[in-house]
Amino acid sequence: MLPKQEVVAMLLAGGQGSRLGVLTKNQAKPAVPFGGKYRIIDFPLSNCVNSGIEAVGVLTQYQPLELNEYIGSGQPWDLDSMHAGVHVLPPYQKNKRSDWYKGTANAIFQNMRFIERYNPDYVVVLSGDHIYKMDYSKMISYHKEKEADCTIAVYEVPMAEASRFGILNTNEDGTIYEFDEKPKVPKSNLASMGIYVFSWQKLKKYLTEDDKMPKSQHDFGKNVLPAMLNDGEKMFAYRFSGYWKDVGTIDSLWESNMDWLDKNVTSDLIQDANKIYSRSEVLPPHYISASASVQNSIIAEGCNVYGKVDFSVVSSGVYIAAGAVVADSIIMPGAVIEENARVQYAIIGENAVVGKNAVVGKRPEDMEDKDNWGVAVVGPNYRLAPETVVAPKAMLDADEEEE
C-alpha cells in the first residue's frame with residue numbers, strides 16, 4: 001500500500017461529448033482546446049493541485065489518445081510525485097470479465113482498487129467538462145464540519161433557467177431532501193455542479209451495491225445519490241460562488257471562450273496565486289504586423305496576424321493572412337485563415353484551413369430568420385476551399401470532406 005492520502009480525486013473524463021460534434025469526433029471532450037492556451041481538463045487538474053490534493057485518477061474511455069499524451073506524467077500541474085500524482089485509468093481486462101465503463105458510478109467502481117491503495121478518508125468526484133476555479137479543500141472542510149456522508153456542490157442559477165438543470169432542494173441547514181431533474185416547476189435554483197465529496201467507506205458501500213443491480217444505469221445522479229437519499233444518509237449542498245460554466249455544447253463552449261475576454265472573468269480565474277496550469281509547447285512570441293488590427297482579443301504564442309481580429313480567442317500557432325477578418329470567433333491551435341477570408345461567430349478547429357475569400361458564419365443581426373442563426377463550426381483538419389460560404393449552425397467534418 002502507498003502512503004496514506006486523506007483525499008483522492010477521481011476525474012471523470014471518458015464521455016464522448018457528442019454535443020460538441022466534430023470537435024470531439026476524434027478526441028475526448030476534456031482535451032478540447034480552450035481560452036487560447038488551455039485545454040478543458042486543465043481546470044479540474046489545476047484545482048486539485050491548488051487544493052492540496054496529490055492523488056488524482058483520470059478515468060478515460062472515449063478517444064483517449066490525445067488526452068493521455070497531454071496529461072503525460074502530470075508534471076505541468078505538479079502532479080508527478082513518486083507516491084501519488086495523476087494516473088490515467090482506462091478500462092482494462094480483468095480475470096473474470098472485461099467491461100467498458102457503464103456509467104459514472106461504474107467507472108469509479110471499476111477503479112476502487114486504485115482508491116484503496118491510498119487508504120483515503122474522502123473521495124472527491126469531478127467532471128472533466130467544466131470551466132471554473134474552486135478550492136476543493138474548503139468543500140472538504142464543510143463536509144467534515146457537517147459530518148456528511150456526501151456533499152454536493154451547487155451553483156445558484158437564475159430561477160427562469162432552473163428547469164434546464166438538476167436541482168437540489170434543501171432544508172435551512174443545507175441538508176438535501178430532494179433531487180429534481182430538470183423540473184418543470186422548480187422549487188429552488190440550486191443546480192448540481194457534478195462535484196461530489198464522499199466519505200470513502202460510505203461511497204464504497206453504495207458503489208458495491210449498485211454494481212449488483214442489473215437494472216441500474218450505474219450513474220451517480222440517477223442511481224447512487226438517490227439511493228443514499230432514500231436510505232437517509234447525511235447529504236449536504238455546498239454553495240459555490242464564482243465563475244462556472246458547463247462547456248458540453250457548441251454554444252456554451254463559444255460563450256465561455258467569449259467570457260474569457262471579460263477581464264472580470266479572467267481576473268477571477270487566472271490572475272492570482274492559484275493559477276491554471278497547462279502543458280504548453282515552447283513557441284516564439286506572437287507576431288502582429290504593422291498593417292494588422294487587433295481589438296479585445298486573446299492572441300496566443302506562435303501566432304502570426306496580418307489581418308483584422310476583433311473580440312476573438314486565437315490559439316497558439318494560428319496564421320491569419322492579410323485582408324482576413326476574424327470576429328466573435330474561436331480559432332483553435334494551428335489553424336490557418338487565408339487572404340480575405342471572413343470568419344464570424346464561428347469555431348475553427350485545430351489545424352483547419354479556411355481558404356481565400358471564404359466566408360464562415362454570419363452575424364445574428366444580419367439574419368432575417370433568427371431561428372436559423374447559430375455558431376458555425378469548421379472541424380479539425382478541414383481544408384475549406386476558396387470562395388466557399390459556410391452558413392450559420394453548419395458543422396463541417398474533415399472525414400466527410402475526404403469521402
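Up top you'll find the structure we're talking about.
Quick caveat: nothing in here was measured; it's all calculated off a predicted structure.

## Considering the overall build of the chain
In terms of regular secondary structure, the chain is built from 10 helices and 31 strands. Relative to the globule expectation of 22 Å for 403 residues, the C-alpha radius of gyration of the chain, 22 Å, shows essentially globular dimensions. Projected onto its principal axes, the C-alpha coordinates of the chain cover approximately 65 × 50 × 45 Å. Taken over 403 residues, the chain has a buried fraction of 54%. The long-range fraction of contacts in the chain, counting pairs at least 24 apart against all pairs at least 6 apart in sequence, stands at 59%. A total of about 18400 Å² of accessible surface is found on the chain, and carbon and sulfur atoms cover 47% of it. Of note, the chain has its 40 positive side-chain charges centred 4 Å away from the centre of its 54 negative side-chain charges.

## A short note on the sheet that holds strand S19 (residues 313–314)
Pairing within the open sheet is parallel, and its six strands lie in the order S16-S19-S22-S25-S28-S31. The two strands at the open ends of the sheet, each matched to only one other strand, are strand S16 (298–299) and strand S31 (395–396). Pairing analysis gives two bridges linking S16 to S19, with the strands arranged parallel. Opposite Ile 298, over in S19, you have Val 313 as the bridge partner.

## Quick word on the environment of Cys 150
Tracing the backbone shows Cys 150 in strand S8 (residues 150–156). Considered as a pair, Cys 150 and Ser 199 are 49 residues apart in the sequence and their alpha carbons are 6.6 Å apart. Setting aside anything within four residues of it in sequence, one finds Cys 150 in contact with His 143, Val 197, Phe 198, Leu 225, Met 228, Lys 234, Met 235 and Phe 236.

## Topic: the sheet that holds strand S29 (residues 383–384)
Backbone-to-backbone hydrogen bonds join strands into a sheet, with any given pair of strands oriented parallel or antiparallel. Taking strand neighbours across the sheet as the criterion, the six strands line up as S14-S17-S20-S23-S26-S29 in an open arrangement whose pairing is parallel. In this open sheet, the two strands that pair with only one neighbour each are strand S14 (287–288) and S29. By the bridge criterion, two bridges tie strand S26 (residues 353–354) to S29 in an arrangement that is parallel. Across the sheet, the residue bridging to Val 353 is Arg 383, located in S29.

## Brief notes about the pattern of salt bridges
For side chains bearing opposite charge, pairing can occur when the charged atoms are close. Using the criterion set out here, one finds 15 salt bridges in the structure. A salt bridge links Lys 202 to Glu 233, with the shortest nitrogen-to-oxygen separation between them at 3.2 Å. Note that Lys 202 is positioned in helix H6 (residues 200–211) and Glu 233 in the loop between helix H7 (220–230) and strand S12 (235–240), a separation of 31 residues in sequence. On the basis of relative accessibility, which here comes to 24%, the residue Lys 202 falls in the partly exposed class. For Lys 205, the salt bridge is made with Glu 209, and the minimal N-O distance between the two is 3.1 Å. With Lys 205 and Glu 209 both in helix H6 and four residues apart, this pair spans about one turn of that helix. Here the residues in one salt-bridge network are Lys 25, Asp 397 and Asp 399, joined through shared partners.

## Quick notes on helix H1 (residues 42–50)
Given 3.6 residues per helical turn, the α-helix brings residues three or four places apart onto the same face. Counting buried residues along H1, eight of its nine residues qualify, which places the element largely inside the surrounding structure. At the C-terminal side of H1, Gly 52 shows a positive phi close to 80°.

## A few points about the packing of aromatic side chains
Centre distance and the angle of the planes are the two values used to describe a pair of aromatic rings. This structure, assessed with the given rule, holds 20 aromatic pairs. Measuring from centroid to centroid gives 5.5 Å for Tyr 155 and Trp 244, while their planes differ by 50°, and the two rings are tilted. Here Tyr 155, found in strand S8, pairs with Trp 244, found in strand S13 (residues 244–246); they are 89 residues apart in sequence, far enough to count as distant. Of the two residues examined, Tyr 155 and Trp 244, each falls in the buried class. Summarising the aromatic geometry, the rings of Tyr 345 and Trp 373 are spaced 5.4 Å apart at their centres and angled 80° between planes, so their arrangement reads as edge-to-face. Residue Tyr 345 is found in the loop between strand S24 (342–344) and strand S25 (346–348), and its partner Trp 373 is found in the loop between strand S27 (359–360) and strand S28 (376–378); the two are separated by 28 residues along the sequence. Relative accessible area serves as the criterion here: at 10%, Tyr 345 is assigned to the buried category. An aromatic cluster of three or more residues is present, and its members are Tyr 132, Tyr 136, Tyr 155, Phe 240 and Trp 244. Above the face of the Tyr 70 ring, Arg 39 is positioned so that its terminal group lies 5.7 Å from the ring centre.

## Here we look at the packing of H6 against H7
The N-to-C vectors of H6 and H7 enclose an angle of 120°; their axes lie 10 Å apart at closest approach. The angle between H6 and H7 falls in the class oblique. For the pair H6 and H7, the crossing hand works out as right-handed. Contacts between H6 and H7 pair Lys 202, Leu 203, Tyr 206, Leu 207 and Asp 210 from the former with Phe 220, Asn 223, Val 224, Ala 227 and Met 228 from the latter. By residue class, the composition of the contact of H6 with H7 is seven nonpolar, one polar and two charged.

Parameters and conventions
- Residues numbered from 1 in each chain as written.
- Predicted model: local features only at pLDDT ≥ 70, side-chain atom pairs only at ≥ 80, totals over all residues.
- Heavy atoms only, no water.
- Helix = DSSP H or I, 4+ residues; strand = E, 2+ residues; numbered from the N terminus.
- Rg over C-alpha atoms; globule rule 2.2 N^0.38 Å.
- Buried < 20%, exposed > 50% of the residue type's maximum accessible area, 1.4 Å probe, protein only.
- Contact = heavy atoms within 4.5 Å.
- Areas by Shrake-Rupley, 256 points an atom, 1.4 Å probe, with all protein chains shown as cover.
- Lys, Arg positive; Asp, Glu negative; His and termini not counted.
- Charge placed at Lys NZ, Arg CZ, Asp CG, Glu CD.
- Pairing = 2+ DSSP bridges.
- Salt bridge = Lys/Arg side-chain N within 4 Å of Asp/Glu carboxyl O.
- Phe/Tyr/Trp six-rings, centres within 6.5 Å; stacked < 30°, edge-to-face > 60°.
- Lys NZ or Arg CZ within 6 Å of the ring centre and 35° of its normal.
- Axes fitted to C-alpha atoms, helices over the stretch in contact; angles between N-to-C directions.
- Parallel < 35°, antiparallel > 145°, perpendicular 65-115°, else oblique.
- Left-handed = near helix turned anticlockwise from the far one by under 90°.
- Nonpolar A, V, L, I, M, F, W, Y, C, P; charged D, E, K, R; others polar.

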